[in-house]
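Single-letter residue listing:
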Amino acid sequence: ATSNHKVKETVALELSYVNSNLQLLKEELEELNSCMDVYQNDSESISVPMIPLGLKETKELDLLVPLKDFISEHYGEEGVMFEKEIKEFMELRQAMRTPSRNEAGLELLMEYYNQLYFLDSRFFPPSKSLGVFFHWYDSLTGVPSHQRALAFEKGSVLFNIGALHTQIGARQDRASLPGLNQAIDAFQKAAGAFNYLKENFSNAPSLDMSTASLNMLVRLMVAQVQECVFEKVTLLHTQKDFLTWLQLAQEAARVEDVYSLVHQTMTQAHVKDYVPFSWTTMVHVKSEHFKALSHYFAAIALSASDAELPEHEKAFLQFHITMPEGPSLRVLLQDPEERRKLGKAHLKKAIMKHEEAMRIHGLCKILRKMDILQEVLSFAHKRSLSKYSEIDHEEDFFETGDAPDIHPKTHQKPEIKSPSFSQVKVTDLFHRLGPLSVFSAKNKWYPMRRVHLMRGENGFGFTLRGDSPVLIAGVIPGGCAAEAGLKEGDYIILVNGKDCRWSKHAEVVQLLKSTGEEGVEIGVITLQGSEGPKAAEKKAAAMSSGSGLLKSNKENSRKSLMNSKSASTLLVWNKKSKRSKNSTYSIPFTAVGDNEAMY
């Protein structure tokens with residue numbers, strides 16, 4: 001903008017100063033968002049810290065005016081009459097922004113997530129935007145993102161469900177069996193939440209919800225489960241013998257295996273610059289640490305007093321990835337000196353890996369502050385050194401060979417547990433608008449018509465089907481109903497001033513039959529696009545085939561009411577078995593033929 005060199009130099013200097021400040025702030029933010037200490041348990045026992053996630057933050061959202069306007073325009077109701085329900089929904093959203101780190105917090109997030117289904121069905125038509133933006137901040141970087149799509153709100157809440165599971169898992173006391181089982185369950189559920197999000201949510205505006213990031217998080221959670229399984233085996237096997245040491249070595253090798261995969265994922269192009277350096281370092285440290293442990297336990301197994309038993313040969317056959325150099329396994333197990341040599345080779349490798357883990361640990365400023373981690377690594381290193389000096393003889397002139405790696409094996413494979421949304425029951429806050437099968441955002445209907453109907457010699461002259469609301473399935477030509485202007489496909493929503501949107505078939509029939517000579521005043525609506533002969537049957541067939549919900553769009557279909565198996569997604573999900581009387585869908589009338597009757 002200028003040719004003046006002095007001005008250019010001044011501006012460049014100021015920009016340099018601003019950039020250095022930004023870099024410092026970025027480092028501080030990374031340290032805050034990747035902090036592991038705050039979520040660890042307060043137990044005095046030494047456990048390697050786990051990696052939890054912070055929750056995504058969101059801005060307050062005022063839905064009062066947009067929802068009131070939509071109720072007035074779309075449903076033809078007074079928006080002000082639904083202020084209580086709208087405020088109740090907004091209070092629920094406000095509460096879910098700061099959930100407690102326990103089961104109650106998870107239930108709160110699940111309740112809000114399930115309530116979003118009703119909000120979506122009631123107020124988000126496929127062709128029109130409500131004009132509301134959902135603002136969420138990235139879990140790790142704090143970078144803001146916003147979208148009009150309700151799917152972004154659902155995805156962010158689902159991410160927080162997973163993140164909350166990680167925090168609950170990280171704060172368990174893993175020195176006890178109940179604590180370990182709870183940690184395993186929490187990390188498996190976290191993996192399930194992130195995996196569900198990865199499979200059902202695309203085009204995320206924030207990096208923490210991208211496919212690459214979610215893939216990394218699922219693998220990280222699986223690795224943390226595997227680590228807990230190793231700790232569980234250590235805790236359960238108090239009687240240490242040859243086979244137990246072999247199992248511990250293979251479990252440790254399995255943990256090393258999964259952490260190596262996580263580290264590989266974290267160093268990929270799309271994730272490398274995004275994942276906190278402390279996370280990548282921690283995963284790398286754990287990978288080296290557990291490799292060292294696998295070799296240490298292998299050496300302990302070889303020095304066990306019962307190592308030479310014949311039945312142990314089979315277990316030892318599949319213990320190494322490649323066969324050790326030297327004599328056959330049978331000779332090796334029977335010869336204490338050969339076992340000592342191989343044990344020494346395993347210890348040499350263990351010490352090298354311990355030292356590598358400590359070196360990598362020293363590279364990260366955040367990890368250096370974690371005394372527990374330093375203590376665990378130091379203890380394991382000293383233990384291996386002590387064992388090495390114990391079996392090392394002064395007269396050893398042979399060169400210690402390279403020990404083969406241990407074959408990874410686990411007795412408990414991690415399970416990715418998908419979220420169970422049906423566990424938390426919710427009631428449709430806006431049930432007063434009417435049954436969702438008719439009164440939803442995707443349906444349009446003509447204004448209610450009031451019809452005065454007289455009973456003729458052969459009754460009213462129409463056939464009724466279904467419940468909530470009752471449908472006029474057929475009209476007899478020349479009958480009273482036809483003369484009054486009723487049509488096939490009309491829904492009865494009012495009888496003599498009584499609201500019948502939620503009324504059962506028998507209730508509506510009773511109201512009609514109780515009329516005298518003066519006749520009956522009924523209110524009916526007709527769905528747009530359902531006019532004409534057989535239109536009602538077509539509508540019913542579509543509903544009974546399970547398409548009462550939008551099911552073509554990947555983000556708009558989940559198991560529908562009639563147990564049809566459509567794709568599992570975010571925008572709509574299954575509430576089939578847990579509906580309350582206020583949130584019940586009407587049964588498509590083709591499915592209740594025995595309810596059909598002529599009046």
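In the block above lies the structure referred to throughout.
Before going into details, it helps to say that this report is about the structure given with it. Remember, predicted model here, so these are calculated numbers, not experimental data.

We now examine the overall build of the chain. Of regular secondary structure, the chain possesses 18 helices and nine strands. Counting the 599 residues in the chain, one finds 50% classified as buried. Across the chain, contacts joining residues at least 24 apart in sequence account for 75% of those joining residues at least 6 apart. If you sum the accessible surface of the chain, you get close to 28,400 Å²; carbon and sulfur atoms cover 52% of it.

In the case of a regular strand, side chains alternate between the two sheet surfaces. Here strand E1 (residues 134-137) shows a buried face lined by Phe134 and Trp136 and an unburied face lined by His135 and Tyr137. Across four bridges, the pairing between E1 and strand E2 (residues 144-147) is antiparallel. Within E2, the residue paired with tryptophan 136 across the bridge is serine 145. Adjacent in sequence and paired antiparallel, E1 and E2 are bridged by six residues, among which glycine 142 carries a positive phi angle near 80°.

Cis geometry marks the peptide bond from serine 468 to proline 469; its omega dihedral reads -10°. Structurally, the position occupied by proline 469 is in the loop between strand E4 (462-465) and strand E5 (470-475). Even without glycine at this site, asparagine 203 takes up a positive phi of about 60°. Tracing the backbone shows asparagine 203 in the loop between helix H6 (177-200) and helix H7 (211-236). Of note, serine 468 is a non-glycine position whose phi angle comes to about 40°, a positive value. Mapped onto the fold, serine 468 is located in the loop between E4 and E5.

In this section: the environment of phenylalanine 118. Along the chain, the position of phenylalanine 118 falls in helix H4 (residues 103-123). By relative accessible area, which is 2% here, phenylalanine 118 ends up buried. For the pair phenylalanine 118 and leucine 436, spaced 318 residues apart in the sequence, the C-alpha separation amounts to 8.6 Å.

Before going further, it helps to examine the packing of aromatic side chains. According to the stated counting rule, one finds 18 aromatic pairs in the structure shown. Between phenylalanine 89 and tyrosine 112, the aromatic rings sit 5.5 Å apart at their centres with planes inclined by 35°, giving tilted as the arrangement. One end of the pair, phenylalanine 89, is in helix H3 (residues 83-96); the other, tyrosine 112, is in helix H4, with 23 residues separating them in the sequence. One exposure class covers both phenylalanine 89 and tyrosine 112, and it is buried.

Further remarks concern helix H2 (residues 64-75). With 12 residues, H2 extends 16 Å between its outermost C-alpha atoms, agreeing within 8% with the 16 Å of an ideal straight helix rising 1.5 Å per residue. Within the sequence span of H2, burial applies to Leu64, Leu67, Phe70, Ile71, His74 and Tyr75. What you see down the axis of H2 is that its buried residues fit within an arc of 140°, all on one side. Exposed and facing more than 90 degrees away from the buried side of H2 are Val65 and Glu73. Turning to H2, the residues buried within the fold contact H3 and H4. Where H2 ends, the next residue or the one after it, glycine 76, has phi of about 70°, a positive value.

Here we come to the nonpolar core. Counting residues in each nonpolar core, the largest one holds 130 residues, and the members touching the most others are Phe123 and Trp279. The element best represented in this core is helix H10 (residues 277-302), accounting for 13 residues. Excluding residues that lie within four positions of it along the chain, phenylalanine 123 makes contacts with Leu67, Phe70, Ile71, Tyr75, Leu130, Phe430, Leu433 and Ala441. Counting 18 residues, the second-largest nonpolar core is a separate cluster that includes Ala481, Cys500, Val508 and Ile522.

What follows deals with the environment of leucine 302. Mapped onto the secondary structure, leucine 302 falls in helix H10. What makes leucine 302 buried here is its relative accessible area of 3%.

The rules we used
- Residues numbered from 1 in each chain as written.
- Predicted model: local features only at pLDDT ≥ 70, side-chain atom pairs only at ≥ 80, totals over all residues.
- Heavy atoms only, no water.
- Helix = DSSP H or I, 4+ residues; strand = E, 2+ residues; numbered from the N terminus.
- Buried < 20%, exposed > 50% of the residue type's maximum accessible area, 1.4 Å probe, protein only.
- Contact = heavy atoms within 4.5 Å.
- Areas by Shrake-Rupley, 256 points an atom, 1.4 Å probe, with all protein chains shown as cover.
- Pairing = 2+ DSSP bridges.
- Phe/Tyr/Trp six-rings, centres within 6.5 Å; stacked < 30°, edge-to-face > 60°.
- Expected span 1.5 Å × (residues − 1).
- Arc of directions from axis to C-beta.
- Core = buried A, V, L, I, M, F, W, Y, C linked by side-chain atoms within 4.5 Å.

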